[in-house]
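Structural description and commentary
Residue-level listing of the chains:
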Amino acid sequence: MQSQCPSCGNTLNYKSELSAYVVCSACQTLVARKNMQFEAVGKVAALQSDASLIKLGTQGTFDGKSFEVVGRIQMILGKPDRPDAVWNEWFAVFSNGAGGWLGEHLGEYFVSFVRPAEGAPGSSQIQLGQMLGLDKQRAVVTSVSRGTALTFEGELPFVMDTSYEAVFADLSTTTGVAGTLDYSDDSPLLFQGRWCRFEELKFQGLRLGDEEGQGAQLSAANLKTLKCPTCGAPHEIRAGGLSQTLVCQYCDSGIDLNADATFRDVLKFEQAMGKVPAKVPLGSKGKLPGQDKTFTCIGFMAKATVVDGIRYKWGEYLLYEPTRGYQWLTESNGHWSLLQPLHKVPVNPQGMPVGQPTNSQLALEGKTFKHFQSTHASVDYVAGEFYWRVRAGEGSQVVDYVCPPEVLSADSTQEEINWTRGQYVQASEVWKAFGLQGSPPESRGVANNQPNPYYAASSRRWLIYLLAVVAGFLFMLFRAATTPKLCFTGNWDYLDYQADRVQVANVTVPPGRHNLYISVHANGLDQRWGYFLISLIDEKGQQARDTAVQVYQERGSDDEGPWADSVNEAGAHLSGVQGGEYLLRVEPQSNVQGQDQPEVMGPPNPNPRRLFSYMLTIQPDLPQWGSFWMMVMLGLLPPLYSLWRASNFETRRWSESDHAPGSDE
């Protein structure tokens, strides 16, 4: 459908039947469509340059439906002549005829549709951290701000003035579904949707790098370089119209990066600290683990907090990529973490979305994060570009939760709660990614989300130990089940009053080297002990291997009543016995019945009486369970040592937290 602009006569093209307004591209007049009548509402303000990649006519895909961008509202926070932030709400027409919105803020994209705002509180009742219903689930108010619709472009579905001011409340859930309550009318509007990655939307027809929107003002977004008005130092503008402030790293001058006239609005920062050198120089480009694009370091902040009178300092580097937006790289005592915006909220131990950060643990995507520290962080020093009007000395409440190597951080002010999710990064990876010279400084202490290097070693050693124990046990069972036959079995009697009780026999040991187990089993011991001196004699080699075995049986009574004790079978090992023919010599000894002293030899008895009998066996390669259990005990030492080191590492980590060992937390 076409019409003519009531103001200048320019042809107006309507791409959507949903459009109630269109902005004339020739004279910037806002034209209202009422039935078939067209009325000039008034002139709209010039667009702020914002370095957006999207323009009227850009096409894309969302949830399997194609769309085309036909209009936009340019929103600002702060004063129109000096906004604190600028973002776009693009109106899109979908292939199914529905109208939706593509919110673009700091390089991130929020696709939403207008839904009934049933039960929504009024603008005066809405509070940060408040719990509301959204899409049959609970949502948390993560931001409450007052924004202004500065200007418009293309076709729009709402009846409106040339500009309006309203309260906006952002809602987040645990699933990623999000929403915005718009209080621009008597009844609030709910824009419900979700955040999307750039490539997910499959954009086509994006704005070229040097292409500006219709009627856009000249600003720093149009420039590639800028000289500091104070010291003349050259600066490259890397984030275009998204940056609101540039702080000269040479003279600490803060430069407003909005309309051209404000280039002269220079504020001399009162930096809390002297110049703090950035370990990653501004302008450095790199791709860290977890990033799929190359980011540019455009800003640096030195921050600090005071805990128990001690000042803790760290650095934060602002990274930017046009299709990924912003990420933060933090460094403290040589430890680095890469943090990304989180567009969902974690849950507390009761399973409820977290409104205001607390000191209890929380969960996100099946992982449990323990509260580490709550503190007030302030800015000591700034240099480079930032997407808000950064000031040295500004501060916020920061609450950190850890599940190494990850960290969740809630940064809270009176207007918003920003959640970020971070991953520990090795210093060597930072140096490699950004091509930094030399070696990174050695890290000190333990970082809150630093992976415990001893857990892996401890787990590995425990696994090796358990596998070794199981393998050893199975081997011993196998040896017991496949033990070779006995080399020798002999049965003898111990007779009274014998001049010579020595027993001699021949023994054949199988070829090879063997561990022999020589055992003695005695029957009929009655208040006696038996001691057997055993020799295995190699007559050819003129060598002998000696051992001894003792058995006994005792009984008696005392104040507690009768008692008995006996060992009727015992043995000894001979290791490394070479196969061959041997002479076995057994010399037994015993005692007088009921007495401890050895039996005194008397005159030979022509009819000797048997005092007890005994059987001697020789078993080759019998499993030695005593040695096995000894190895089991000794094998515990390495994994126990690793476990101690891992535990000590955790003690050092938590000693820097609000839950230090011995504290009342």
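Our structure is the block above this text.
Report follows, based on the coordinates. Quick caveat: nothing in here was measured; it's all calculated off a predicted structure.

Turning our attention to the sheet that holds strand 37 (residues 610-620). Across the sheet, seven strands lie side by side as 31-37-32-36-33-34-35; this open sheet has antiparallel pairing. Since the sheet does not close on itself, it has two edges, and those belong to strand 31 (488-495) and strand 35 (561-567), each with one partner. Shown here is a sheet whose adjacent strand axes are inclined to one another by a mean of 15 degrees, direction ignored. Bridge count for strand 34 (residues 543-558) against strand 35 is seven bridges, and the pairing is antiparallel. Directly across from glutamate 554, in strand 35, lies its bridge partner aspartate 565.

It is possible for side chains bearing opposite charge to pair when their charged atoms get close. Tallying each qualifying case throughout the model produces 19 salt bridges. Its salt-bridge partner being arginine 610, residue aspartate 493 comes within 3.8 Å of it at the nearest N-O pair. Of this pair, aspartate 493 sits in strand 31 while arginine 610 sits in strand 37, and the two are 117 residues apart along the sequence. Between arginine 609 and aspartate 496 there is a salt bridge whose closest N-O contact spans 3.9 Å. Placement of arginine 609 in the loop between strand 36 (569-590) and strand 37 and of aspartate 496 in the loop between strand 31 and strand 32 (503-523) is noted, with a sequence separation of 113 residues between them. Under the relative-accessibility criterion, arginine 609 is labelled exposed at 51%. Residue classification places aspartate 496 among the buried residues on the basis of a relative accessible area of 6%.

What follows deals with the nonpolar core. With 29 residues, the main nonpolar core has Ile534, Leu584, Tyr614, Leu616 and Ile618 as its most contacted residues. Of all the secondary-structure elements, those providing two or more residues to this core are strand 31, strand 32, strand 33 (528-538), strand 34, strand 36 and strand 37. Those residues in contact with leucine 584 that lie beyond four places of it in its chain are Phe488, Trp492, Gln503, Val504, Ala505, Val507, Ile534, Ser535, Leu536, Leu616 and Ile618. By size, the runner-up hydrophobic cluster in this structure holds 21 residues, among which are Val280, Leu329, Phe434 and Leu436.

On to the packing of aromatic side chains. Here the structure, examined in full by the defined rule, presents 29 aromatic pairs. Centre to centre, the rings of phenylalanine 198 and phenylalanine 203 are 5.4 Å apart; their planes meet at 50 degrees, and the pair counts as tilted. By the burial criterion, phenylalanine 198 is buried, and phenylalanine 203 matches it. A ring pair is formed by phenylalanine 473 and phenylalanine 628, whose centres lie 6.4 Å apart and whose planes are at 50 degrees; its orientation type is tilted. Note that phenylalanine 473 is positioned in helix 2 (residues 453-481) and phenylalanine 628 in helix 3 (residues 625-635), a separation of 155 residues in sequence.

Attention now goes to the layout of surface pockets. Within this model, the second largest pocket holds a volume of roughly 730 Å³. Together, 30 residues line the second largest pocket, and Glu108, Arg197, Gln340, Pro341 and His343 are the ones closest to its centre. Mapped onto the lining of the second largest pocket, the elements with two or more residues apiece are strand 10 (108-115), strand 15 (189-196), strand 24 (325-332), strand 25 (335-341) and strand 30 (417-425). Residues belonging to the lining of the second largest pocket are distributed by class as follows: ten nonpolar, ten polar and ten charged. Inspection of the lining of the second largest pocket shows a minimum of three residues originating in each of domain 1 (45-201) and domain 2 (270-450).

With that settled, the discussion passes to the packing of helix 2 against helix 3. For any two helices packed against each other, the geometry comes down to the angle between their axes and how far apart the axes lie. Their axes nearest at 11 Å, the elements helix 2 and helix 3 cross at an angle of 175 degrees. As far as their axial angle goes, helix 3 and helix 2 are roughly antiparallel. Across from Tyr465, Val469, Gly472, Phe473, Met476 and Leu477 in helix 2, the residues of helix 3 making contact are Trp625, Phe628, Val632 and Gly635. The residue makeup of the contact of helix 2 with helix 3, split by class, is eight nonpolar, two polar and no charged.

All right, on to unusual backbone geometry then. A cis amide bond, omega 10 degrees, links proline 404 with the succeeding residue proline 405. Positionally, proline 405 belongs in the loop between strand 28 (395-403) and strand 29 (406-412). Of note, aspartate 63 is a non-glycine position whose phi angle comes to about 50 degrees, a positive value. Examined against the element boundaries, aspartate 63 turns out to sit in the loop between strand 6 (59-62) and strand 7 (65-79). Despite not being glycine, lysine 136 has its phi angle at roughly 60 degrees, a positive value. Positionally, lysine 136 belongs in the loop between strand 11 (131-134) and strand 12 (137-156). Lysine 136 sits in the exposed class, given a relative accessible area of 91%.

Once that is clear, we can look at a nonpolar patch on the surface. Taken together, Val470, Phe473, Leu474 and Leu477 make up a surface patch of nonpolar side chains, about 350 Å² in accessible area. Position of leucine 474 relative to the elements: it lies in helix 2. Residue class for leucine 474 comes out exposed when judged on its relative accessible area of 52%.

The subject of this paragraph is the pairing of strand 29. Extensive coverage of strand 29 is indicated by the burial of six of its seven residues. Pairing of strand 29 with strand 30 involves seven bridges; the strand directions are antiparallel. Across the sheet, glutamate 406 pairs through a bridge with glutamine 423, a residue of strand 30. In this antiparallel pair of consecutive strands, strand 29 and strand 30, the connection spans four residues.

Before going further, it helps to examine helix 2. In this model helix 2 runs 43 Å from its N-terminal to its C-terminal C-alpha over 29 residues, within 8% of the 42 Å that 1.5 Å per residue would give. All buried positions along helix 2 are accounted for by Ala457, Ser458, Tyr465, Gly472 and Met476. In this structure, the buried residues of helix 2 make contact with helix 3 and helix 4 (637-654). Where helix 2 begins, one side-chain oxygen reaches toward the backbone nitrogen of tyrosine 454, 2.9 Å away; that side chain belongs to asparagine 452.

With five of seven residues buried, strand 9 (residues 99-105) is to be regarded as a mostly interior element. As paired elements, strand 9 and strand 10 share five bridges and run antiparallel to each other. If you follow leucine 102 over to strand 10, its bridge partner there is valine 111. In this structure, the hairpin formed by strand 9 and strand 10 is closed by a connection of two residues, where leucine 106 is found at a positive phi of approximately 55 degrees.

Along the polypeptide, threonine 330 turns up in strand 24. Ignoring sequence-local partners within four residues, the contact set of threonine 330 consists of Gly315, Glu316, His335, Trp336, Ser337 and Leu339.

Once that is clear, we can look at helix 1 (residues 427-434). Looking at helix 1, one finds that the buried residues are Ala427, Val430, Trp431, Ala433 and Phe434. Down the axis of helix 1, the buried set is contained in an arc of 165 degrees. They therefore lie on one face. Buried residues along helix 1 sit against strand 21 (285-286), strand 22 (295-307), strand 23 (310-321), strand 24, strand 25 and strand 30. Immediately beyond the C-terminal end of helix 1, within one or two residues, lies glycine 435, with a positive phi of roughly 60 degrees.

Parameters at a glance
Residue numbering note: each chain is counted from 1, following its sequence as written. Owing to the predicted nature of the model, reporting of local features is limited to residues with pLDDT of at least 70; listing and counting of side-chain atom pairs is limited to 80 or more, with chain, interface and lining totals taken over all residues. With hydrogens and water excluded, all non-hydrogen atoms of the structure serve as input to the side-chain values. Any two strands between which DSSP finds at least two bridges are classified as paired. Each helix is a run of DSSP H or I of at least 4 residues and each strand a run of E of at least 2, with the numbering of both proceeding from the N terminus. Between N-to-C directions, angles span 0 to 180 degrees; the directions come from axes that are lines fitted to C-alpha atoms, helices contributing only their stretch in contact. Note on definitions: salt bridges are taken to be side-chain nitrogens of Lys or Arg within 4 Å of carboxyl oxygens of Asp or Glu. For the exposure calls, accessible area comes from a 1.4 Å probe over protein chains only, and a residue counts as buried if that area is under 20% of its type's maximum, exposed if over 50%, partly exposed in between. The set of buried Ala, Val, Leu, Ile, Met, Phe, Trp, Tyr and Cys residues whose side-chain atoms join them within 4.5 Å is what this entry labels a nonpolar core. Every residue pair with non-hydrogen atoms within 4.5 Å of one another is taken to be in contact. Here the aromatic set is Phe, Tyr and Trp, taking the six-membered ring for Trp, and pairing holds for ring centres within 6.5 Å; pairs whose planes are under 30 degrees apart are stacked, those over 60 apart are edge-to-face, and all others are tilted. A cavity here means a set of points on a 1 Å grid, drawn over the protein atoms and nothing else, where a 1.4 Å probe fits but cannot get out; a pocket is an open set with protein on both sides within 12 Å along at least five of seven lines, and a residue lines either one if it has an atom within 4 Å of a point. Grid points are joined across faces, edges and corners, and a volume is the space filled by probe spheres set on the points. Three categories are distinguished: nonpolar for Ala, Val, Leu, Ile, Met, Phe, Trp, Tyr, Cys and Pro, charged for Asp, Glu, Lys and Arg, and polar for the others, with Gly belonging to the last. How far each domain reaches was decided by an automatic or database domain assignment. Any angle that falls under 35 degrees is termed roughly parallel, while one over 145 is termed roughly antiparallel, one within 65 to 115 roughly perpendicular, and all others oblique. Each patch is built from salt-bridge-free residues with over 30% relative accessible area, joining like charges within 9 Å and nonpolar side chains (Val, Leu, Ile, Met, Phe, Trp, Tyr) within 5 Å. Residue exposure ignores everything except the shown protein chains as possible cover, and the areas themselves are Shrake-Rupley values with a 1.4 Å probe. To estimate the expected span of a helix, subtract one from its residue number and multiply by 1.5 Å. By the criterion applied in these results, polar contacts are pairs of N or O atoms within 3.5 Å in which, for protein atoms, one can donate a hydrogen and the other can accept it, and in which residues neighboring in sequence qualify only through two side-chain atoms. Starting at the helix axis, one direction is taken to each C-beta atom, and the arc is that of these directions.

Keep in mind that these numbers describe shape and distance, not what the molecule does.
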